[in-house]
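Geometric and topological summary
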Amino acid sequence: MTITITVDTAKRLADGDAVTVRPVPRIAFRGVGLRYFSPRGETEALCGIDLDIAAGEFVAIVGQSGCGKSTLLSLLAGLASPSAGTVLIDDVPVTGPGRRVGFMLQQDTLFEWRTILENTLLGPELRGGDMAAARDRARDLLIRYGLGDFMDHKPGQLSGGMRQRAALARTMCMDPDILLLDEPFSALDFQTRLTLSDEIADIIRREGKTAILVTHDIPEAISMADRVVVLSRRPGRIRAVHDIGFPSAGGVRPRALAVRETPEFPHLFNTVWEELDVHAE
Ligand SMILES: Nc1ncnc2c1ncn2[C@@H]1O[C@H](COP(=O)(O)OP(=O)(O)OP(=O)(O)O)[C@@H](O)[C@H]1O
């Protein structure tokens, strides 16, 4: 007999059983569906989502507008509950917002009246605890993200890319295991977007976080992620999952550019584009 088990259940096996040990995924969607109810009627946003994401993996979600991408993130953040199925983090169902999940959004939502350091310290202030340690961590993060000289500046004195790095520092200061990135670069100009997406993917990988990026930008998804998940039109179902085999950044050219110049890129881009089915009625 061959049994596939999780690490947790390995102890219970009888001698002689052939065993494939599979670690518990950091994130699991099991048969997940979600319907919104409003005075204007019912909207089925997601249907039959089954997806495992390993610890440390970087997954991008692409799909047409309104297909349920942000809803998927809200389910993981515990801000919405599934109408069907279960969302699990380390095998534990998500029942509400928790400390393990951090958000990075399109709008950086920095408080304009607070300095960059004070913005970075917002989470620890709300959570309470050792503020001296939090201050050290915040300073260290800001230095590492290239904002060491701007800690005492107000957000209005920073460029769009710097503001997003500050927003990332604020999220990372809470040390989440999982990062949800909801179109974090879409308000930036193209050049900033390319370099910042590289920088942020590197930071997230270096710090061993598990990340889910929602984006409309196929090249961005391909160049940042380990896997690209394509959702169908609403109700969002998983249409395809692509493993991305490009090596990590490290060269002189930004990975976002280098990936676009590989021979595999056009085929992958066209495949995802067709799966998005933008012209269908
Ligand atoms: N709170 C809500 N109440 C009712 N319907 C909602 C609610 N939030 C989202 N919807 C609907 O659910 C569907 C999925 O929305 P969602 O924001 O998840 O899509 P999306 O793929 O992230 O869209 P976009 O790419 O445009 O941001 C849409 O039709 C949206 O109008």
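Residues numbered from 1 in each chain as written. Predicted model: local features only at pLDDT ≥ 70, side-chain atom pairs only at ≥ 80, totals over all residues. Heavy atoms only, no water.

Naming follows an unreviewed UniProt entry, where the protein chain appears as ABC transporter ATP-binding protein of Tistrella arctica. The Sequence similarities (unreviewed entry) comment attached to the protein chain in UniProt states, word for word, "Belongs to the ABC transporter superfamily." (UniProt positions renumbered as here; feature names shortened; annotations may be inferred.)

The next point concerns the site of the ligand. Around the ligand, the surrounding shell holds 14 residues, and the nearest of these are Ser 65, Gly 66, Lys 69, Thr 71 and His 216. Elements supplying a minimum of two residues to the shell around the ligand: β4 (41–53) and α1 (69–77). With 3 residues, α1 is the largest single contributor of residues to the shell around the ligand. In terms of residue class, the shell around the ligand is made up of 3 nonpolar, 8 polar and 3 charged. (Near = heavy atom within 4 Å. Helix = DSSP H or I, 4+ residues; strand = E, 2+ residues; numbered from the N terminus. Nonpolar A, V, L, I, M, F, W, Y, C, P; charged D, E, K, R; others polar.)

What follows is about the sheet that holds strand β8 (residues 101–105). Pairing in this open sheet of 6 strands is mixed, and the strands run β8-β9-β10-β5-β11-β12 from one edge to the other. Every other strand in the sheet has two partners, leaving β8 and β12 (238–243) as the edge strands with one partner each. Each strand axis lies, on average, 15° off the axis of its neighbour in the sheet, ignoring direction. Two elements, strand β9 (residues 178–182) and strand β10 (residues 210–214), share 5 bridges in a ladder whose sense is parallel. For Leu 180, the partnering residue across the bridge sits in β10 and is Ile 212. Where helix α5 (residues 160–172) meets the sheet, it contacts β8 and β9, and its direction lies at approximately 170° from that of β8. The sheet contacts of helix α6 (residues 190–206) involve β5 (58–62), β8, β9 and β10, and relative to β5 the element is tilted by about 135°. (Pairing = 2+ DSSP bridges. Axes fitted to C-alpha atoms, helices over the stretch in contact; angles between N-to-C directions. Contact = heavy atoms within 4.5 Å.)

In this section: the environment of Ala 187. Note that Ala 187 resides in the loop between β9 and α6. Its relative accessible area of 51% is what places Ala 187 among the exposed residues. (Buried < 20%, exposed > 50% of the residue type's maximum accessible area, 1.4 Å probe, protein only.)

Read across the sheet, 4 strands follow the order β4-β3-β6-β7 without closing on themselves; strand pairing throughout is antiparallel. In this open sheet, the two edge strands, each paired with only one partner strand, are β4 and β7 (92–93). Two elements, strand β6 (residues 84–89) and β7, share 2 bridges in a ladder whose sense is antiparallel. Bridge pairing links Leu 88 to Pro 93 in β7.

This brings us to helix α9 (residues 265–276). Counted at 1.5 Å a residue, the expected span for α9 with its 12 residues is 16 Å, and the 16 Å between its end C-alpha atoms agrees. Against the buried residues of α9 lie β5, α7 (218–224), β11 (227–231), β12 and α8 (255–260). Directly beyond the C-terminal end of α9, a positive phi value near 60° is found at Asp 277. (Expected span 1.5 Å × (residues − 1).)

The next point concerns the packing of aromatic side chains. Under the definition given, this model contains 3 aromatic pairs. Aromatic pair Phe 265 and Phe 269: ring centres 6.1 Å apart, planes at 40°, arrangement tilted. Of the two residues, Phe 265 and Phe 269 are both situated in helix α9; the distance of 4 residues between them amounts to about one turn of the helix. Phe 269 sits in the partly exposed class, given a relative accessible area of 24%. Measuring from ring centre to ring centre gives 6.4 Å for Phe 269 and Trp 273, while their planes differ by 10°; the resulting arrangement is stacked. Residue Phe 269 and its partner Trp 273 are located together in helix α9, separated by 4 residues, close to a single helical turn. Taken together, the aromatic side chains of Phe 265, Phe 269 and Trp 273 make up a single cluster linked through ring pairs. (Phe/Tyr/Trp six-rings, centres within 6.5 Å; stacked < 30°, edge-to-face > 60°.)

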